[in-house]
Amino acid sequence: MFTLFGKEISAFFSTLTGYVVILVFLLANALFMWVFKGNMNVLDSGYANLDTLFTMAPWIFLFLVPSITMRVFAEEKRSGTLELLLTQPISEMKIVLAKYFAAVTLILFSLLPTLVFYFSVYRLGSPPGNLDSGGIAGSYVGLFFLAGVYASVGIFSSAITGNQIVSFILAVLVSFFLFTGFDLLTATDLFGNMDIFLLKLGINEHYRSISRGVVDTRDLVYFVSVIGIFLLGTKIVLQVRKRVHIVQGLTILVIILLLNYTGSFVFHRFDLTQEKRYSVTPETRQVLKDLDDVMYIKVYLDGDLPVGFMRLKTAIRELLDEFRAYAPRNLQYEFIDPAADPDTRIRNNVFTRLYDAGIQPTNAQVRAQDGSTSQKIVFPGAIISYRETGVP
């Protein structure tokens, strides 16, 4: 297994593939963080953080990781060496793991140079060092696991086809669906009470949680399970070629599903943030668990907002997500832009209703991409509804 692992690593770096992947990943993130103008630019935003890296990296990896894995088995099939490899005294699972760990190692190599971004922002903070290192460490954990899922999908796609281009396209499509497809399905409002269950099936829900610096055992079990399912599927594909019985693989699949089901009830969350801002007291957890009806929260903070209000929106979403971890069915929320309607009369009526409800407006200065500024009325508030009561 270690011999095959070394061979795969050598194959990555004996061509331009490995170097191009690392260079493109660093260059793309650097452009968004330091060059392109806008709220994602660290210098323009005025805040010392690495949010841009952890927002853009999943989308960049969506194309780079399949480009790494597309040749893993497809090239073996094309050259006719897969049959020879399967006759060697090594199990199919060890073959799969050797190739998977080689791909994950290359991903790790691409992440390590991004520590330069960390040290840069660390020094640019006012005062220097004004950066939540614990939260960033958790974000790196989430990004590594997400890339690990992409790699397992790419390995599986490469195993079921002998064409590298087909393998690449299939891996991108499957990874895209896993990352954001379930979010899009729930946005259609077609599944009713199944929405929360569907959200939990997608990568984004788990990545968004762990990338805040909160390591939840349920998220870890999810990532490991998805990786295990695709690697198991790859092993089954290889076994089918040798006409080997697959009952053992199906048994492992059932065990994985049972672990996820059990983990949804028994879990623990580790808050790595410096200020422990996502730690919920036992009393609050009990209040959330005791909710016997749906509490619905409408947050009127969406649309084109200044950087400060965008950060406020993110903080509110993260807090609500933390609450929802303990009341997944009885705590629901949505973000609303009260100025979204182009009709001035309707927009003013919305403003009046919010003002009458007790939410005070404020004028905010919005900067456009071309550098021009404009004024916008912002209602930084929410209405919390529980049964027949609404509280601003």
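Calculation rules
- Residues numbered from 1 in each chain as written.
- Predicted model: local features only at pLDDT ≥ 70, side-chain atom pairs only at ≥ 80, totals over all residues.
- Heavy atoms only, no water.
- Helix = DSSP H or I, 4+ residues; strand = E, 2+ residues; numbered from the N terminus.
- Buried < 20%, exposed > 50% of the residue type's maximum accessible area, 1.4 Å probe, protein only.
- Contact = heavy atoms within 4.5 Å.
- Areas by Shrake-Rupley, 256 points an atom, 1.4 Å probe, with all protein chains shown as cover.
- Pairing = 2+ DSSP bridges.
- Axes fitted to C-alpha atoms, helices over the stretch in contact; angles between N-to-C directions.
- Phe/Tyr/Trp six-rings, centres within 6.5 Å; stacked < 30°, edge-to-face > 60°.
- Core = buried A, V, L, I, M, F, W, Y, C linked by side-chain atoms within 4.5 Å.
- pLDDT = per-residue confidence, 0-100.
- Parallel < 35°, antiparallel > 145°, perpendicular 65-115°, else oblique.
- Left-handed = near helix turned anticlockwise from the far one by under 90°.
- Right-handed = clockwise from strand over helix to strand, strands pointing away.
- Salt bridge = Lys/Arg side-chain N within 4 Å of Asp/Glu carboxyl O.

*Asks:* When you look at the overall build of the protein chain in this model, what are you seeing that I'm missing?
*Replies:* Scanning the protein chain for helices and strands turns up 17 helices and 8 strands. The 392 residues of the protein chain split such that 44% are buried. Taking the contacts inside the protein chain whose residues are at least 6 apart along the sequence as the reference set, 73% of them involve residues at least 24 apart. Counting every atom, the protein chain has about 20200 Å² of accessible surface; 64% of that belongs to carbon and sulfur.

*Asks:* Would you mind going over the sheet that holds strand E8 (residues 389-391) with me for this structure?
*Replies:* Adjacent strands of a sheet form backbone hydrogen bonds with each other and so pair up, either parallel or antiparallel. Spatial strand order, E4-E3-E7-E8: 4 strands in an open sheet with mixed pairing. Strands with a single pairing partner mark the edges of an open sheet, and in this sheet they are strand E4 (331-335) and E8. Going from strand to strand, the sheet's axes swing by 15° on average, the running direction of each strand aside. Across 5 bridges, the pairing between strand E3 (residues 295-299) and strand E7 (residues 382-386) is antiparallel. Paired with Ile297 across the bridge in E7 is Ile384.

*Asks:* Quick question: what am I supposed to make of the environment of Pro113 here?
*Replies:* Turning to its location among the elements, Pro113 is positioned in the loop between helix H7 (92-111) and helix H8 (115-124). Classification of Pro113 as partly exposed rests on a relative accessible area of 27%. Each residue touching Pro113, except ones within four places of it in the same chain, is listed here: Ile22 and Leu26.

*Asks:* What am I meant to see in the packing of aromatic side chains here?
*Replies:* The description of two aromatic rings rests on the distance between their centres and on the angle between their planes. If you walk through the whole model with that rule in mind, you get 15 aromatic pairs. Between the aromatic rings of Tyr333 and Phe335, the centroid separation amounts to 5.8 Å while the plane-to-plane angle is 90°, which identifies the pairing as edge-to-face. Residue Tyr333 is classed as buried on the basis of its relative accessible area of 13%. These aromatic residues form a ring-pair network of at least three members: Phe144, Phe145, Tyr222 and Phe223.

*Asks:* For this particular structure, what's the right way to read the nonpolar core?
*Replies:* Side chains that are nonpolar tend, in soluble globular proteins, to be buried together. The biggest cluster of nonpolar side chains holds 67 residues, and the ones touching the most others in it are Leu50, Phe61 and Ile203. Counting residues per element, this core draws most heavily on helix H9 (residues 133-159), which supplies 11 residues. Of all hydrophobic cores here, the second largest spans 17 residues; its members include Val299, Leu301, Ala325 and Tyr326.

*Asks:* Would you mind showing me how to read the confidence of the model for the protein chain here?
*Replies:* For the protein chain, the average pLDDT comes to 83, and 88% of its residues sit at 70 or higher. Put simply, helix H14 (residues 247-263) is where the protein chain has its lowest mean pLDDT, 65, and E3 is where it has its highest, 94.

*Asks:* It is not clear to me how the packing of helix H2 (residues 17-35) against H8 should be interpreted in this structure. Could you clarify?
*Replies:* A pair of packed helices is characterised by two quantities: the angle between their axes and the separation of those axes. Direction vectors running N to C along H2 and H8 enclose 20°, while the axes themselves pass 12 Å from each other. Of the possible angle classes, the one that applies to H2 and H8 is roughly parallel. Relative to H8, H2 is oriented so that their crossing is right-handed. Each of Leu26, Asn29, Ala30, Met33 and Trp34 in H2 lies in contact with H8, whose residues at this interface are Phe117, Ser120, Val121 and Leu124.

*Asks:* How do you make sense of the environment of Val24 when you look at a structure like this?
*Replies:* Mapping Val24 onto the fold places it in helix H2. You can call Val24 partly exposed: its relative accessible area is 34%. A C-alpha to C-alpha distance of 9.3 Å links Val24 and Ser110, two positions 86 residues apart in sequence.

*Asks:* Can you help me understand the pairing of E7 in this one?
*Replies:* Put simply, side chains in a regular strand alternate between the two faces of the sheet. In this sheet, E8 lies alongside E7 in antiparallel orientation, the contact comprising 3 bridges. When the bridges of E8 are listed, Ser385 appears paired with Gly390. The turn joining E7 and E8, which pair antiparallel and follow one another in sequence, is formed by 2 residues; a positive phi near 60° is taken by Arg387.

*Asks:* Quick question: what am I supposed to make of the environment of Pro328 here?
*Replies:* With respect to the secondary-structure elements, Pro328 resides in the loop between helix H16 (307-324) and E4. A relative accessible area of 34% places Pro328 in the partly exposed class.

*Asks:* What is the right way to look at the pairing of E3 in this model?
*Replies:* Both E3 and E4 contribute to a ladder of 5 bridges, which runs parallel. Each residue of the ladder has a partner; that of Met295, found in E4, is Leu331. Handedness of the crossover joining E3 and E4 through H16: right-handed.

*Asks:* Help me understand the pattern of salt bridges in this model?
*Replies:* Between side chains of opposite charge, a pair can form as their charged atoms come close. Across all of its chains, the model carries 10 salt bridges by this definition. One salt bridge connects Arg208 with Glu205, and the closest N-O pair in it is separated by 3.3 Å. One end of the pair is Arg208 and the other is Glu205, both in helix H12 (residues 203-210) and 3 residues apart, which spans about a single turn. Classification of Arg208 by relative accessible area gives partly exposed; the value is 24%. With relative accessibility at 11%, the residue Glu205 sits in the buried group. Asp293 is the partner of Arg387 in a salt bridge, and the nearest nitrogen-oxygen pair spans 3.8 Å. Residue Arg387 is found in the loop between E7 and E8, and its partner Asp293 is found in the loop between helix H15 (282-289) and E3; the two are separated by 94 residues along the sequence. Judged by its relative accessible area of 51%, Arg387 is exposed. We classify Asp293 as partly exposed; its relative accessible area is 30%. Several salt bridges converge on common partners, so that one network encompasses Glu205, Arg208, Asp321 and Arg324.

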